[in-house]
Amino acid sequence: MKAVNATARVLDALVQRARLLRWTMIGLMVLVVLIDILKPSHYSRFPWDGIPGFTAVYAFLGALALIGLYKAIGYGLVYRAPDYYTKRAGRKVEARDEESADG
Amino acid sequence: MAEWLHPALLLMLGALPLGVLQGRSRQVWQLALPLLVLLLVVALPDGTRVTLEFAGVELTPLRADGLSLIFAYIFALILFIGNIFALQVDDGAQHVAATLYAASGLGAVLAGDLITLYVFWEIMMISSVWLIWRRRRQAAYDAGFRYLIIHALGGMLLLAGIIAYWLHTGSLAFEPLAGGGPAFWLILVAFLINAAAPPLHAWLPDAYPEATVTGTVFLSAFTTKTAVYVLARGFPGTELLVWLGVLMTLYGVTYAFLVNDIRRLLAYHIVSQVGYMVAGVGLGSALAISGTAAHAFTHILYKALLLMGAGAVLQMTGRSRLTELGGLYRSMPITFLLYMVGGLSISAFPLFSGFVSKTMIIEAAAVEGRAVVFLLMTLAGVGTFMSTTLKLPWYTFMGRDAGLRPPEAPLNMRVAMGIAALLCFVIGILPGWLYAILPYPVDYNAYTASHLIKEMELLLFTGLAFFLLLGVLGGKDKLSLDLDWFYRVPGKQAVLALRNWIVTADGAARGAFMRVFRQAEDATTHLRLSGWPLKSWPTGSMALWTAIVLAMLLVFGLGR
């Protein structure tokens, strides 16, 4: 139990310092892109291998594209009420009950 | 010793006492048995083959080589870890089912011929469904039956394929299958059903989240990974698998965004991760097949870890929907941190296991200059990181506080997660020992400066997009239809309509028969009442009938 509480306290302390964490992440992003720009690419297998920061841009745009895609599929096609299947099954049972009551 | 004691057989026999043992003795046996089997498979020398004659057919129930052994090691290991996680479960049926399931998975990867493979394949299906049914809810019974029907269909296709293969080649040895022909396609489709490849995948995200908390951990390990093994054994270098694998990676991540249940989200990521492996099999080079085996190994560990984390949340809170969870990091901090190790592993974060295995498959695509495959697999990595490692933990453990204050998961669950997390980390920092047990020796270094920079760019900028759009990414209290809709709604309606048609047609036929029967009955009654047969007949008519009978006797007599 002691370990659980201590871990919770550490996590709480980190949550309190959310702003610091955010800036650290932004700093890290800048650093990684800078290294990518300064260091010549090791590979030349694909046309984009020589473009510094390509992966960063690709990941960012890819993330946006995936979010757009799932929203479109969800609202356009596949989202239903959470009880979609159970309700259908329930309706059948009710109908059968009525039928047998009539019979 | 290992040559005459088949590890799968030992495990099957060892499963039986689990049904009757109680309390501490059951727990001790639950841990000792997988360790014993692990020792046995580790002791199996590479190249072991056991053959026997059965009903005039040569069978190879045991074939240990580079490709089968790595799967055997991880199967035994995950049974041990899963059993630690399940120690507190007081349900003998579940323990027996899990052990038989692991044994049949082990038997399938060690099978050297198609008949042995088929037998273990079917036991795998029959034993695993109990891990779903023992949840003892209507939804679990229904999902279990759907699971059973799909896998029974797969089993039949496999058997038909094996018979076709035997008729065509006269052999039952399980070796790479030559392209084309009915045997090739039947066996391939049977394997792809178990690999959960779209459009034959819907059984997985339908059934796994309905299984028991501990059952899902076992389910995530054996069925799909056995399928990856048999694909790697039978269909290396099949071009179709490259594109099917890529489709799986993206299909899985897209659907994972759409669902609300945390275990269903992770189930869709099984589809996605198995996609990398299927694509690796399709690429077929030594690097790709080794990458596939390595990724299956690491995947079993981190996926078990993730599902144990999600299962612990379900066990302690009784909830598994993103919309009902939040803020659990204070009450379940250890589970949260261990889950994150699994999350970082599946996302291929440097220093964690996925980084040293997933990048092998992507590297294999790059080496062959497959630009589209490379880009799409990388995109799937973006989605994986976003939903497994950011979205799920954010809306479960951080984010809006749902006011839940459950106790931390029991010690045995934390220990199981801890061992899996430790292995994920150790493989991440010391990949050498994983690379040493791969089917083909590979000269691959994940930790090059270019790999590290690209992977960090990928993850950090995915994280940026996630946090910028955090407001719209929460779970929706919706059900997302998948292709199982086709057999759950129109398929079911078609079967019911067919049943109704048969009932109506049967009723109509019986009615028509009875009508004719009654008419005949009425006619005879009428005839009897009329007294016509009993009236006195004139002599002339009697003479005519006698003549007719005599004439017939003459005709038939002449014919003889």
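Residues numbered from 1 in each chain as written. Chains lettered and ligands numbered in written order. Predicted model: local features only at pLDDT ≥ 70, side-chain atom pairs only at ≥ 80, totals over all residues.

Identification of chain B as Na(+)/H(+) antiporter subunit D from Spiribacter onubensis is taken from an unreviewed UniProt entry.

Novice: Describe the overall build of chain B, with residues and values.
Specialist: For chain B, the count of helices and strands is 21 helices and three strands. In terms of C-alpha radius of gyration, chain B reaches 31 Å, well past the compact-globule figure of 24 Å for 560 residues. Oriented by its inertia axes, the alpha-carbon framework of chain B measures out at about 120 × 60 × 55 Å. Burial statistics for chain B: of 560 residues in total, 55% are counted as buried. Long-range contacts, defined as pairs at least 24 residues apart, comprise 81% of the intrachain contacts of chain B with a sequence gap of at least 6. (Helix = DSSP H or I, 4+ residues; strand = E, 2+ residues; numbered from the N terminus. Rg over C-alpha atoms; globule rule 2.2 N^0.38 Å. Buried ≥ 20, exposed ≤ 12 C-beta atoms within 10 Å, placed from the backbone. Contact = placed C-beta atoms within 7 Å.)

Novice: Describe the overall build of chain A, listing the residues and the values that go with them.
Specialist: Tallying secondary structure elements over chain A gives four helices and one strand in all. Mapped in sequence order, the helices and strands of chain A form the string α-α-α-β-α. Classification of the 103 residues of chain A by burial places 12% in the buried group.

Novice: Give me the lowdown on the UniProt feature "transmembrane region" (unreviewed entry) in chain A, citing residues and values where you can.
Specialist: Feature annotation in UniProt places "transmembrane region" (unreviewed entry) on residues 20-38 and 58-78 of chain A, given in this structure's numbering. Along residues 58-78 of chain A one finds 100% helix and 0% strand; the C-alpha atoms at either end are 27 Å apart. (UniProt positions renumbered as here; feature names shortened; annotations may be inferred.)

Novice: How would you summarise the interface of chain A and chain B if you had to cite specific residues and measurements?
Specialist: Contact residues are listed per partner, giving 40 residues for chain A and 42 residues for chain B. For the side of chain A that touches chain B, the leading source of residues is helix 3 (residues 54-78) of chain A, giving 14 residues. Taken together, the residues of the side of chain A that touches chain B sort by class into 27 nonpolar, seven polar and six charged. Of the strand pairs in this sheet, strand 1 (residues 79-80) of chain A and strand 3 (residues 479-480) of chain B are connected by two bridges, and their pairing is antiparallel. Note on strand 3 of chain B: the bridge partner recorded for Tyr79(A) is Ser480(B). (Nonpolar A, V, L, I, M, F, W, Y, C, P; charged D, E, K, R; others polar. Pairing = 2+ DSSP bridges.)

Novice: Hey, could you go over the confidence of the model for chain B for me, with residue numbers and the actual values?
Specialist: Close inspection of predicted coordinates is inappropriate for parts of the model with low pLDDT. The pLDDT averaged across chain B works out to 94; a share of 99% of its residues lies at or above 70. Quick note on the complex model: pTM equals 0.91, ipTM equals 0.88. (pLDDT = per-residue confidence, 0-100.)

Novice: Pulling in residues and values, what's your account of the packing of helix 11 (residues 262-283) of chain B against helix 15 (residues 371-397) of chain B?
Specialist: Residues and elements named next belong to chain B. For the pair helix 11 and helix 15, interaxial distance at closest approach is 11 Å and the crossing angle is 160°. Looking at the two axes, helix 11 sits roughly antiparallel to helix 15. Helix-helix and strand crossings are classified by hand; for helix 11 and helix 15 the assignment is left-handed. Here Ile262, Leu265, Leu266, His269, Ser272, Tyr276 and Ala279 of helix 11 come into contact with helix 15, specifically with Val373, Met377, Ala380, Thr384, Ser387, Thr388, Leu392 and Thr396. Looking at the contact of helix 11 with helix 15, its residues break down into nine nonpolar, six polar and no charged. (Axes fitted to C-alpha atoms, helices over the stretch in contact; angles between N-to-C directions. Parallel < 35°, antiparallel > 145°, perpendicular 65-115°, else oblique. Left-handed = near helix turned anticlockwise from the far one by under 90°.)

Novice: Run through the packing of helix 11 of chain B against helix 14 (residues 353-367) of chain B, naming residues and quoting values.
Specialist: When two helices pack together, their arrangement is given by the angle between their axes and by how far apart the axes lie. Residue and element names in this part refer to chain B. It is at 10 Å that the axes of helix 11 and helix 14 come closest, and there the two elements cross at 40°. In terms of orientation, helix 11 lies oblique with respect to helix 14. The handedness of the crossing between helix 11 and helix 14 comes out as left-handed. Every residue of helix 14 that contacts helix 11 at Tyr276, Ala279, Gly280 and Leu283 is listed here: Lys358, Ile361, Ala364 and Ala365. In the contact of helix 11 with helix 14, the residues fall into six nonpolar, one polar and one charged.

Novice: Give a detailed account of helix 3 (residues 66-85) of chain B, specifying residues and quantitative values.
Specialist: Taking 1.5 Å of rise per residue, the 20 residues of helix 3 of chain B would be expected to cover 28 Å, and the 29 Å separating its terminal C-alpha atoms lies within 8% of that figure. In terms of burial, helix 3 of chain B is largely enclosed, as 18 of its 20 residues are buried. (Expected span 1.5 Å × (residues − 1).)

Novice: Pulling in residues and values, what's your account of the UniProt feature "domain: NADH:quinone oxidoreductase/Mrp antiporter transmembrane" (unreviewed entry) in chain B?
Specialist: The feature "domain: NADH:quinone oxidoreductase/Mrp antiporter transmembrane" (unreviewed entry), as given by UniProt, occupies residues 111-376 of chain B in the numbering adopted here. The span residues 111-376 of chain B is 75% helical and 0% strand by assignment, and the distance between its end C-alpha atoms comes to 34 Å.

Novice: I'd love a proper account of unusual backbone geometry, names of residues and values included.
Specialist: Residues and elements named next belong to chain B. The omega torsion across proline 198 and proline 199 is 5°, close enough to zero to call that bond cis. Structurally, proline 199 can be placed in the loop between helix 7 (181-194) and helix 8 (203-207). The phi torsion at arginine 136 lies on the positive side, around 55°, for a residue other than glycine. Along the polypeptide, arginine 136 turns up in the loop between helix 5 (114-133) and helix 6 (138-169). Taking the number of C-beta atoms within 10 Å as the measure of exposure, arginine 136 has 9 and is therefore exposed. Positive phi is not limited to glycine here, since alanine 348 has a value of about 60°. Its place among the elements puts alanine 348 in the loop between helix 13 (333-346) and helix 14. Under the C-beta neighbour-count criterion, alanine 348 is labelled buried, with 27 such atoms within 10 Å.

Novice: Can you break down the pairing of strand 1 (residues 48-54) of chain B residue by residue, with the values?
Specialist: The two faces of a sheet get side chains in turn, since along a regular strand they alternate between them. Across the seven residues of strand 1 of chain B, zero count as buried, placing the element largely on the outside. Where strand 1 of chain B hands over to strand 2 (residues 57-64) of chain B, the hairpin turn is made up of two residues, of which Ala55(B) adopts a positive phi near 50°.

Novice: Kindly report on the environment of Leu266(B), identifying the contributing residues and their values.
Specialist: Residues and elements named next belong to chain B. Structurally, leucine 266 can be placed in helix 11. Separated by 236 residues in sequence, leucine 266 and glutamine 30 have C-alpha atoms that sit 26 Å apart. If we ignore the near neighbours within four places in the chain, the residues touching leucine 266 are Leu306, Leu307, Ala310 and Thr388.

Novice: Mind laying out the environment of Leu158(B), listing which residues take part and the relevant values?
Specialist: All names here are of chain B. Looking at where leucine 158 falls in the secondary structure, it is placed in helix 6. Given 23 C-beta atoms within a 10 Å radius, leucine 158 is considered buried. Sequence separation between leucine 158 and leucine 527 is 369 residues; the distance between their C-alpha atoms is 64 Å. With residues near it in sequence (within four places) discarded, leucine 158 still touches Tyr118, Trp121, Ile187 and Ala190.

Novice: Let's hear about the environment of Thr223(B): which residues, and what values?
Specialist: Residues and elements named next belong to chain B. Here threonine 223 shows up in helix 9 (residues 215-234). Sequence separation of threonine 223 and alanine 196 is 27 residues, and the distance between their C-alpha atoms is 9.2 Å. Discounting chain neighbours no more than four positions away, the residues touching threonine 223 are Met124, Ser128 and Asn194.

Novice: If you had to explain the pairing of strand 2 of chain B to someone new, which residues and values would you point to?
Specialist: All names here are of chain B. Taking burial as the measure, the eight residues of strand 2 include six buried ones, the bulk of the element. Bridging between strand 1 and strand 2 involves six bridges; their strand directions are antiparallel. Its bridge partner lying in strand 2, glutamate 53 is registered against glutamate 58.

Novice: Outline the confidence of the model for chain A, supporting the account with residue identities and numerical values.
Specialist: Looking at chain A, the pLDDT average stands at 86 and 87% of residues meet or exceed 70. When mean pLDDT is compared element by element in chain A, helix 3 of chain A scores highest at 96, while helix 4 (residues 84-102) of chain A scores lowest at 66.

Novice: Residue-level account of helix 5 of chain B, with values.
Specialist: The end-to-end C-alpha distance of helix 5 of chain B, which contains 20 residues, comes to 29 Å, matching closely the 28 Å that a straight helix rising 1.5 Å per residue would cover. Most of helix 5 of chain B sits out of view: 15 of its 20 residues are buried.

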